[in-house]
Amino acid sequence: MNKQVFIILSIVTLFFSSCDVSEDIPLLNELTVTNRMANGTWKITKLVHENTTKTTDYNGVSFEFDAISVMVNNTGTLPVAGGWGVTDEGFEGAPELVFTMALTSVEPRFITISEDWDIIESTATRLKLKDENLDTNTTDYLTFEKN
């Protein structure tokens, strides 16, 4: 009896260990996010900062990303520029993508989004980000959507 149980368990173990999850679900990576963001113009459709919704501060503002820089237009003042990038701070098989943006403006609304953000969703038309602030014990959320 023990021999039969051992054989069955061995077959089941072999079957499940041969399955490769990465073949079924493609992992999001830095290049994918960069290519998506560098395609078209984007707007902020959600910003929650320290439990306060600040989305309207960005009405009409558009963002144009290329491989390493970002241009912000329709700011009501001078255009704003800066740098951005995506890095993987996770480990093999479990990426933890971080979106970093550093804008040159001294306006508080642009300083607020010049952060390191954790990517929680990336599609061809939407990028959802979050930033956990340990000082204020709050989580900020930022969403870009393609125009």
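The structure under discussion appears in the preceding block.
Before going into details, it helps to say that this report is about the structure given with it. Small disclaimer: the values here were computed from a predicted structure and weren't measured.

### Brief notes about the overall build of the chain
Here is step 1 of the chain: Counting its regular elements, the chain contains four helices and nine strands.
Here is step 2 of the chain: Taking all 147 residues of the chain together, 29% fall into the buried category.
Here is step 3 of the chain: Taking the contacts inside the chain whose residues are at least 6 apart along the sequence as the reference set, 41% of them involve residues at least 24 apart.
Here is step 4 of the chain: Carbon and sulfur atoms make up 55% of the accessible area of the chain, which totals about 9,300 Å².

### As for the side chain of Thr55
Here is step 1 of the chain: Tracing the backbone through its elements, the reader meets Thr55 in the loop between strand S2 (52–53) and strand S3 (62–65).
Here is step 2 of the chain: In this structure the side chain of Thr55 is engaged in a polar contact, spanning 3.0 Å, whose partner is the backbone nitrogen of Leu47.
Here is step 3 of the chain: The contacts of Thr55, once residues within four sequence positions are left out, are Ile44, Thr45, Lys46 and Leu47.

### Remarks on the pattern of salt bridges
Here is step 1 of the chain: Using the criterion set out here, one finds five salt bridges in the structure.
Here is step 2 of the chain: Between Glu121 and Lys128 there is a salt bridge, and its shortest N-O distance comes to 3.7 Å.
Here is step 3 of the chain: Exposure remark for Lys128: the relative accessible area of 30% places this residue in the partly exposed category.
Here is step 4 of the chain: When salt bridges that share partners are traced, they join Glu121, Arg126, Lys128 and Glu145 into one network.

What counts and how
- Residues numbered from 1 in each chain as written.
- Predicted model: local features only at pLDDT ≥ 70, side-chain atom pairs only at ≥ 80, totals over all residues.
- Heavy atoms only, no water.
- Helix = DSSP H or I, 4+ residues; strand = E, 2+ residues; numbered from the N terminus.
- Buried < 20%, exposed > 50% of the residue type's maximum accessible area, 1.4 Å probe, protein only.
- Contact = heavy atoms within 4.5 Å.
- Areas by Shrake-Rupley, 256 points an atom, 1.4 Å probe, with all protein chains shown as cover.
- Polar contact = N/O pair within 3.5 Å; in protein donor to acceptor, adjacent residues only side chain to side chain.
- Salt bridge = Lys/Arg side-chain N within 4 Å of Asp/Glu carboxyl O.

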